[in-house]
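In case you want the letters, here they are:
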Amino acid sequence: MNAINIEDDDKPLRYSDSGNVHMDFHVATNTTIDFIIKNFGLEAMDQIFSRVGKDVYVDVRRHLMEGNAGELLKHWRHFFDRENADYNIDISDTEIVLTVRHCTAYHHVKNIVPKVSEHFCDQTIKTNNAMADGTPFSIDTEVTGPGSCRQIIRKRL
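Fair warning: this is a prediction, and the values are worked out from it, not measured in the lab.

Caption draft 1: Focus on the overall build of the protein. A count of helical and extended segments in the protein gives 6 helices and 4 strands. Taken from N to C terminus, the helices and strands of the protein fall in the order α-α-α-α-β-β-α-α-β-β. Each of the 157 residues in the protein was classed as buried or not, and the buried ones make up 43%. Within the protein, contacts between residues separated by at least 24 positions form 62% of all contacts whose residues are at least 6 apart in sequence. Accessible surface, the protein as shown: approximately 8900 Å² in total, 50% of it carbon and sulfur.

Below is the structure:
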């Protein structure tokens, strides 16, 4: 198996805000997820997340299509650092593993609203699947506990 390419093209991320993080964005997302599922169904929410993975993260996806996982790594580092998440990234020749021990977004929502949507982490799972769709990579996302997960990028066989 060929090693995973993680070239950094030194271009800034398409979305690389550096200002104050307004964590209540995640609360709004949580509420929106439940609203859409209640009113339009889970399939509609999945379609929205798929569009996010393909259309919003178009630059990350383009890099993945070209066989380069470097833009996704840059994206992860930027946003998890920005939100002070407890995470690490392990890189080997065959896989890249993002381990999130404490997702700041999830725990902020948990502290603000009565209930975190049971589909809150679907935004990561479904968006990752859409970003990887048709690329040389798969991205497997495993929720390991409340506000923790492992995301693994591998080359497809």
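Caption draft 2: Expanded view of the environment of Lys110. Looking at where Lys110 falls in the secondary structure, it is placed in helix 5 (residues 104-112). The spacing of Lys110 and Asn30 is 80 residues in sequence and 9.9 Å in space, taken between C-alpha atoms.

Caption draft 3: Fine view of the environment of Asp133. Residue placement: Asp133 occurs in the loop between helix 6 (122-132) and strand 3 (137-145). Its relative accessible area of 38% is what places Asp133 among the partly exposed residues. Taking the C-alpha atoms as reference points, Asp133 and Met65, 68 residues apart in sequence, are found 8.9 Å from one another. Discounting residues that sit within four places of it in the chain, Asp133 has contacts with Lys54, Arg61, Met65 and Arg156.

Caption draft 4: Quick look at helix 5. Where helix 5 is concerned, the buried positions are Thr104, Ala105, Tyr106, His107 and Val109. Close packing links the buried residues of helix 5 with helix 1 (24-40) and strand 2 (95-102).

Caption draft 5: Geometry of the pairing of strand 1 (residues 86-91). Sheet analysis places strand 1 next to strand 2, joined by 6 bridges and oriented antiparallel. Following the sheet pairing, Ile91 is matched in strand 2 by Ile96. Connecting strand 1 to the antiparallel partner strand 2 that follows it, the hairpin turn spans 3 residues.

Caption draft 6: Structural context of the packing of aromatic side chains. One pass over the structure, following the stated rule, counts 3 aromatic pairs. On the basis of an interplanar angle of 65° and a centroid distance of 6.5 Å, the ring pair of Phe35 and Phe40 is categorised as edge-to-face.

Caption draft 7: Quick peek at the sheet that holds strand 3. Strand order in the open sheet formed by 4 strands is 1-2-4-3, with antiparallel pairing between adjacent strands. Where the open sheet ends on each side, the last strands, each with one partner, are strand 1 and strand 3. Each strand axis lies, on average, 10° off the axis of its neighbour in the sheet, ignoring direction. Where helix 4 (residues 70-82) meets the sheet, its contacts fall on strand 1, strand 2, strand 3 and strand 4 (148-155), and the angle it forms with strand 1 comes to roughly 160°.

Caption draft 8: Fine view of the packing of helix 3 (residues 58-65) against helix 4. At a minimum axis distance of 7 Å, the contact between helix 3 and helix 4 shows a crossing angle of 145°. In this structure, helix 3 uses Asp59, Val60 and His63 to contact helix 4, whose residues at the interface are Glu71, Leu72 and His75. Residues of the contact of helix 3 with helix 4, tallied by class, amount to 2 nonpolar, 2 polar and 2 charged.

Caption draft 9: Examining the pattern of salt bridges more closely. Counted according to the given criterion, the structure contains 9 salt bridges. One salt bridge in this structure joins Glu95 and Arg154, with 3.0 Å as the shortest N-O distance. Taken together, the positions of Glu95 in strand 2 and Arg154 in strand 4 put the pair 59 residues apart, joining distant regions of the chain. Judged by its relative accessible area of 24%, Glu95 is partly exposed. Judged by relative accessible area, Arg154 falls into the partly exposed class, the value being 29%. Between Arg150 and Glu142 there is a salt bridge; the shortest N-O distance is 3.0 Å.

Caption draft 10: Focus on the side chain of Ser148. Relative to the assigned elements, Ser148 resides in strand 4. Residue Ser148 is classed as buried on the basis of its relative accessible area of 14%. Excluding residues within four positions of it along the chain, Ser148 makes contact with Val100, Arg101, Glu142 and Val143.

The rules behind each value
Residues numbered from 1 in each chain as written. Predicted model: local features only at pLDDT ≥ 70, side-chain atom pairs only at ≥ 80, totals over all residues. Heavy atoms only, no water. Helix = DSSP H or I, 4+ residues; strand = E, 2+ residues; numbered from the N terminus. Buried < 20%, exposed > 50% of the residue type's maximum accessible area, 1.4 Å probe, protein only. Contact = heavy atoms within 4.5 Å. Areas by Shrake-Rupley, 256 points an atom, 1.4 Å probe, with all protein chains shown as cover. Pairing = 2+ DSSP bridges. Phe/Tyr/Trp six-rings, centres within 6.5 Å; stacked < 30°, edge-to-face > 60°. Axes fitted to C-alpha atoms, helices over the stretch in contact; angles between N-to-C directions. Nonpolar A, V, L, I, M, F, W, Y, C, P; charged D, E, K, R; others polar. Salt bridge = Lys/Arg side-chain N within 4 Å of Asp/Glu carboxyl O.

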